[in-house]
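Close look at the chain arrangement
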Amino acid sequence: GLMKLIIRVLILAVALLCGGCASDVPVKEFVMYDCLGYPGKPDLSSDGLSKIKLIYEFRLLTDGKIDMNKINACIAEADQAGIKAISTDIESWYWDENYSDASLKDSLSLVFDAFRKGIEGVSIGNYGVPLGTLNIARYVEEMAGKTEEEILAALTENNNRLAAGEVSDVLYPCFYCYGPDMDQWVDDLKITVDYIKKYYPQKKIVGYIWPQYYDWKTSPHYMQFITEEKFLQMLEAAYEHLDGVVIWAHGRDADNKTKVNWEDDRVQAVYRAIKTFAGRHNLSDQQ
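Just so it is clear, the model here is predicted, and its values are computed rather than measured.

1. Let's talk about the pattern of salt bridges
- All told, the structure shown has 13 salt bridges when counted by the stated rule.
- The salt bridge partner of Asp-43 is Lys-51, with a shortest N-O separation of 3.4 Å.
- On the accessibility criterion, Asp-43 (51% relative accessible area) is exposed.
- For Glu-228, the salt bridge goes to Arg-272, with nearest N and O atoms at 2.9 Å. With Glu-228 in helix 8 (residues 228-241) and Arg-272 in helix 9 (residues 265-280), this residue pair connects regions lying 44 residues apart in the sequence.
- Judged by relative accessible area, which is 27%, Glu-228 ranks as partly exposed.

Pasting the structure below:
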């Protein structure tokens with residue numbers, strides 16, 4: 001009798017503890033968007049990945065200018081597919097001297113408003129807003145020998161992307177990775193998020209990440225695959241500091257030509273990291 005009583009008390013204690021855990025610790029809302037371009041990839045929604053429509057600028061612009069016929073075709077496509085998360089990728093305006101803060105903001109606003117009018121409940125932003133990629137910037141030749149302050153200044157001064165954050169529903173900064181120094185990458189992520197939150201404390205930040213190192217021409221790590229362990233570290237840092245990630249890859253190998261199949265060991269290592277991460281944070285339950 002005593003043993004049964006002890007067991008019942010233990011079961012009750014465990015139930016109370018688990019109930020407490022569930023109610024006291026809110027599950028963080030964190031979204032993983034799937035933009036992985038490896039041929040043969042299955043539908044990953046059961047692994048906690050959501051759908052997003054990434055629209056490159058050649059599908060929105062003609063000769064660098066807004067083309068409403070193209071935009072309306074993209075709107076119809078997204079609406080038909082039932083996709084509410086949209087990331088445009090218009091980058092040429094960042095480097096065009098005709099696009100100051102105001103004109104970049106106004107031009108993106110025209111594109112975004114067309115989507116808002118065409119798709120009920122859409123959430124839209126442009127890739128790379130409201131800041132460039134610190135982890136890449138610090139390694140380019142022009143930054144050799146520069147202090148931390150100078151590197152940051154080069155990225156944040158005359159930053160015409162910042163104002164574009166005002167018209168964005170969600171901010172999509174880029175956190176591509178130059179090389180295997182993950183501590184530096186995590187630091188750069190934090191510095192970037194702090195900068196963004198100073199201006200946009202209420203906006204959701206969903207960062208682009210790529211499971212291969214960046215394609216900077218002179219990089220010794222040019223487009224090599226990030227290991228399972230390091231990619232998991234990236235995802236965990238993103239979970240801590242961001243509201244979500246867009247996991248992107250054009251799907252090419254380090255020669256920048258050959259497509260890497262989904263079944264490739266390097267891709268599967270990345271996929272294992274994603275599944276481990278999703279399981280750890282119950283992300284597949286949030287679908």
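There is more to say, and it comes next.
2. Let's talk about the sheet that holds strand 6 (residues 85-89)
- Ordered in space as 3-6-7, the 3 strands form an open sheet in which the pairing is parallel. Every other strand in the sheet has two partners, leaving strand 3 (53-56) and strand 7 (123-126) as the edge strands with one partner each. Here the strands of the sheet are splayed against their neighbours by 20 degrees on average, with no regard to which way each runs.
- In this sheet, strand 6 lies alongside strand 3 in parallel orientation, the contact comprising 4 bridges.

3. Description of the environment of Ser-100
- Summarising the element assignment, Ser-100 is placed in the loop between helix 3 (92-95) and helix 4 (101-118).
- Judged by its relative accessible area of 40%, Ser-100 is partly exposed.
- Through-space distance from the C-alpha of Ser-100 to that of Lys-190 is 27 Å; in sequence the pair is 90 residues apart.

4. Observations concerning helix 7 (residues 182-199)
- Here helix 7 is 18 residues long and its end C-alpha atoms lie 26 Å apart, about the 26 Å a rise of 1.5 Å per residue gives.
- Those residues of helix 7 that fall on the buried side of the exposure criterion are Met-182, Trp-185, Val-186, Asp-188, Leu-189, Thr-192, Val-193, Tyr-195 and Ile-196.
- Of the surrounding secondary structure, the elements contacted by the buried residues of helix 7 are helix 5 (134-137), helix 6 (148-156), strand 8 (170-171), strand 9 (204-209) and helix 8.
- A distance of 3.3 Å separates the backbone nitrogen of Asp-183 from a side-chain oxygen at the start of helix 7, and that oxygen is part of Asp-181.

5. Things to note about unusual backbone geometry
- Each neighbour pair has its own omega, and for Val-129 with Pro-130 the value is 10 degrees, a cis peptide bond.
- By the secondary structure assignment, Pro-130 is in the loop between strand 7 and helix 5.
- Of note, the phi angle at Asn-256 is positive, near 65 degrees, even though the residue is not glycine.
- If you check the backbone angles, Asn-282 has positive phi at about 50 degrees while not being a glycine.

6. Quick word on the packing of helix 2 (residues 68-81) against helix 4
- Where helix 2 meets helix 4, the axes come as close as 10 Å, and the angle between the chain directions of the two elements is 40 degrees. One finds that helix 2 runs oblique with respect to helix 4. Along this stretch, helix 2 crosses helix 4, giving a crossing that reads as right-handed. Side by side, helix 2 and helix 4 meet where Met-68, Ile-71, Cys-74, Ile-75 and Asp-79 of the first sit next to Val-111, Ala-114, Phe-115 and Gly-118 of the second.
- Of the residues belonging to the contact of helix 2 with helix 4, the class tally is 7 nonpolar, 1 polar and 1 charged.

7. Focus on the nonpolar core
- Met-32, Phe-115, Trp-185, Phe-231 and Ile-247 are the most contacted members of the largest nonpolar core, which totals 95 residues.
- Setting aside anything within four residues of it in sequence, one finds Trp-185 in contact with Asn-135, Phe-175, Tyr-176, Cys-177, Ile-209, Met-234 and Ala-237.

What counts and what doesn't
Residues numbered from 1 in each chain as written. Predicted model: local features only at pLDDT ≥ 70, side-chain atom pairs only at ≥ 80, totals over all residues. Heavy atoms only, no water. Salt bridge = Lys/Arg side-chain N within 4 Å of Asp/Glu carboxyl O. Buried < 20%, exposed > 50% of the residue type's maximum accessible area, 1.4 Å probe, protein only. Helix = DSSP H or I, 4+ residues; strand = E, 2+ residues; numbered from the N terminus. Pairing = 2+ DSSP bridges. Axes fitted to C-alpha atoms, helices over the stretch in contact; angles between N-to-C directions. Expected span 1.5 Å × (residues − 1). Contact = heavy atoms within 4.5 Å. Polar contact = N/O pair within 3.5 Å; in protein donor to acceptor, adjacent residues only side chain to side chain. Parallel < 35°, antiparallel > 145°, perpendicular 65-115°, else oblique. Left-handed = near helix turned anticlockwise from the far one by under 90°. Nonpolar A, V, L, I, M, F, W, Y, C, P; charged D, E, K, R; others polar. Core = buried A, V, L, I, M, F, W, Y, C linked by side-chain atoms within 4.5 Å.

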